[in-house]
Amino acid sequence: MTATATASTISPVVELRGVCTRFGETVIHQDIDLDVEAGQILGLVGGSGSGKTTLLREIVGLLLPNAGSVKLFGQSVSAANPQQRRGLRRRFGMLFQRGALFSALSVFDNIAFPLRELRVLDEEIIRDLVYLKLGMVELEAPHAQLMPAELSGGMVKRVALARALSLEPELLVLDEPTSGLDPDLADSFVRLIAMLQKELAFTVIMVTHDLETLAGLATRIAVLAEQRIIACGTPAEVLAVDHPFIRSFFCSEHAAAAMQKGLV
Amino acid sequence: MTDATIITARQGERVQATLSGEWTLATLPTPIAALEARLRALTESQASWDLQGILRLDSVAALLLWRSWGQRWPDALAAGAAQRSVLARVADIHRDRRAAPRRPHFVWLYDLGRLVLRARKNLVDIVALIGQLLLDVGYLFAHPRDFPWREFSATLYKSGAQALPVTALVGFLIGIVLSFLSSLQLKAFGADIYIVNLLGVSIIRELGPVIVAVLVAGRSGSAMTAQIGVMRVTEEIDALAMMGVSRSLRLVFPKVAALSLAMPLLVVWCAAAGVFGGMVAANLEMGLSYAYFIDALPRVVAVANVWIGIGKGFFFGLVIALIACHFGLKVRPNTESLSTKTTTAVVTAITLVIIVDAVFAVFTRHIGLPGAM
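In this text, all values refer to a predicted model and were calculated from it rather than measured experimentally.

Caption draft 1: Summary view of the overall build of chain A. The helix and strand inventory of chain A stands at eleven helices and ten strands. Compactness check: chain A gives a C-alpha radius of gyration of 19 Å against a globular reference of 18 Å for 264 residues, within 12% of the reference. Summarising its shape, the C-alpha atoms of chain A cover approximately 55 × 45 × 45 Å along the three principal directions. At a minimum sequence separation of 6, the contacts of chain A that also span at least 24 residues come to 64%. Carbon together with sulfur atoms contributes 53% to the accessible area of chain A, which is approximately 11800 Å² in total. Positive and negative side-chain charges of chain A, numbering 24 and 30 respectively, have mean locations separated by a distance of 5 Å.

Set out below in structure tokens:
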């Protein structure tokens, strides 16, 4: 019992070592190292086309890096054993940028899908769990019967979050969680994620270029620029780094106001 | 990770159940039903519960506990604040309590009615689409510069030129099969040379157009439905409308016009391949010379048959493209709708082609056939 507890504190939830990515001739990442400890909320920022989403896809194993290793919970995501790989994939959930809800399934069936795939739970437990998750993301029970096409943008995100959380993962990966939401909705979505994180104590990695989201959620920030991670640390540490990208990204007047609001 | 464990001990009158380890979906012992049965048995024996040894409790495990407790808090429970909050969350699920709508009696009657209404709506919509196309044609006469040449030629190439190999192959093979089978029959009657009449009329007038129609409906009709359908899903059609571009003029009209032009050409091509295949088979099977076959063909098959075949090709192309575009525009933004609409488009197009073919057969029965000449 104590052995596992210490083991989990030693090996970080996410561990990237020397990750390099190339698309044809273009080099996207060069020699990236990144650690995310349990319970942290890491915000991954970077300019457009700097390969944030690519890095995220490599972390969850949707994409293989050209070189380097990606480990989740101390295990390689590209582990040979399919059984292990499936076990690993159940320990994290991903929220895709546009939700990626199965359009042929109702909200209920979308959230129930990962639970049914396990093939160990009976329908009654699954039904209760789905309504539990719906309540967690502040949706009402009647919403369960809607089809994804009938949902508004904010609701799509919430349902996708509920689906990502349906197996109560230890790691939640968010790709642009607030893109396409108006500031008000984005704000409430950020608060929702923060609340759930406090309650369920999962680790979060998110890609975003919305400073409000970043300020509202992230306990650590990693900045991706010039094909590598130029800064990684607490928001205050990152703000102190003197680099042209960081200056222009964080230190415009609007940005400074947003960050201040979050930090205070 | 440590597995979920239950240790029971007798303490005076009560059974003490001590739970420890990680109580999560990943660590619960399977089958879960067995675990639940054990928990229920403990509840029935009025056990006192100690959850303080649990490292991690997730909703699934909490739900199991709650269910086995009979949806209420047990009398004796030792648990940390975090565990209590997880259990409280599970206790407070808002279920959708509305009963599922009852299936009415005579379901088949409702289904039939719905089918009829849907068929009527489709019919009305198709008529509206045809009307819109006629308006477009009128508009194009007034503004010839607006003719969508690029889309027109693209469809002509994709549905026409690229279909040449497959239609030739299928036509050729059908010709061989038909010639081979009929020659066996004709030989029995000593009527070998009538193979020319038989093949000429059947392939040019009937089989060529129908085979091409089936191929094109499967090939280009489905592609058109899927293309327009995905454009609806990705809101590209709305984007077109926003730019003031008519969707019927830019999307539907070029497809319908190009297919109505490509189909007759494909019919001629496919029929030629079919007759050629029949000629080869007749030569191999009955020793009928190529020269005789080519010489006899125009004498025994009236030219009217070729025109009928071409006319059928035109109408079949019109029907296939119209149906494909109609169902493409009806696709709703989900994958299921896309697949059902594509299927419906192909099936409806082929069915309608056969119906139109039957109508043709009735109205042209006095033209181009030996009895009528």
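Caption draft 2: Quick look at the overall build of chain B. Counting its regular elements, chain B contains twelve helices and four strands. Taking 21 Å as the expected radius of gyration for a compact globule of 373 residues, we find that chain B reaches 35 Å, considerably beyond that expectation. Oriented by its inertia axes, the alpha-carbon framework of chain B measures out at about 110 × 60 × 45 Å. Evaluated residue by residue, chain B yields a buried proportion of 44% over its 373 residues. For chain B, the share of sequence-separated contacts (at least 6 apart) that also reach a separation of at least 24 residues comes to 79%. For chain B, the computed accessible surface area is about 19800 Å², with 67% contributed by carbon and sulfur atoms. Averaging the locations of the 34 positively and 24 negatively charged side chains of chain B gives two centres separated by 5 Å.

Caption draft 3: How the structure looks around the environment of Ser179(A). All names here are of chain A. Structurally, the position occupied by serine 179 is in the loop between β7 (171-175) and α7 (183-200). In this structure, the C-alpha to C-alpha distance between serine 179 and threonine 213, residues 34 residues apart in sequence, is 9.8 Å. Look past the residues within four positions of serine 179 in its chain and what remains in contact with it is Gln97 and Lys157.

Caption draft 4: The sheet that holds strand β5 (residues 75-76) of chain A, seen in detail. Residue and element names in this part refer to chain A. Spatially, four strands are ordered β2-β1-β4-β5 in an open sheet, and the strand pairing comes out antiparallel. In the strand order of this sheet, the two ends are held by β2 (26-36) and β5, each with one partner. Judged from the two bridges that link them, strand β4 (residues 67-72) and β5 form a sheet pairing that is antiparallel. Paired with leucine 72 across the bridge in β5 is glutamine 75. The sheet strands contacting helix α2 (residues 52-59) are β1 (14-23), β2 and β4, and the helix crosses β1 at an angle near 125°.

Caption draft 5: Examining the interface of chain B and chain A more closely. Across the contact, 25 residues belong to chain B and 28 residues belong to chain A. Taken together, the two surfaces of chain B and chain A that pack against each other cover about 2400 Å², and 63% of this comes from carbon and sulfur. Between chain B and chain A we count three salt bridges in total. Arg89(B) serves as the salt-bridge partner of Glu199(A), at 2.7 Å between the closest nitrogen and oxygen. Taken together, the links from chain B to chain A amount to three residue pairs in polar contact (both at pLDDT 80 or more). The set of elements that each furnish at least two residues to the side of chain B that touches chain A consists of α1 (32-44), β3 (48-57), α2 (59-68), α3 (81-91) and α12 (335-363) of chain B.

Caption draft 6: Structural detail: α2(A). All names here are of chain A. Burial analysis of α2 places six of its eight residues in the buried class, which makes it a mostly covered element. All of the buried residues in α2 are Lys52, Thr54, Leu55, Leu56, Glu58 and Ile59. Once α2 finishes, glycine 61 follows within two positions and takes phi at roughly 85°, a positive value.

Caption draft 7: Geometry of the domain arrangement of chain B. For chain B, the domain assignment lists domain 1 (5-91) and domain 2 (119-372). For domain 1 of chain B and domain 2 of chain B, the distance between their C-alpha centres works out to 69 Å.

So, how was this worked out
Residues numbered from 1 in each chain as written. Chains lettered and ligands numbered in written order. Predicted model: local features only at pLDDT ≥ 70, side-chain atom pairs only at ≥ 80, totals over all residues. Heavy atoms only, no water. Helix = DSSP H or I, 4+ residues; strand = E, 2+ residues; numbered from the N terminus. Rg over C-alpha atoms; globule rule 2.2 N^0.38 Å. Contact = heavy atoms within 4.5 Å. Areas by Shrake-Rupley, 256 points an atom, 1.4 Å probe, with all protein chains shown as cover. Lys, Arg positive; Asp, Glu negative; His and termini not counted. Charge placed at Lys NZ, Arg CZ, Asp CG, Glu CD. Buried < 20%, exposed > 50% of the residue type's maximum accessible area, 1.4 Å probe, protein only. Pairing = 2+ DSSP bridges. Axes fitted to C-alpha atoms, helices over the stretch in contact; angles between N-to-C directions. Buried area = accessible area lost by both parts, 1.4 Å probe. Salt bridge = Lys/Arg side-chain N within 4 Å of Asp/Glu carboxyl O. Polar contact = N/O pair within 3.5 Å; in protein donor to acceptor, adjacent residues only side chain to side chain. Domains from an automatic or database assignment.

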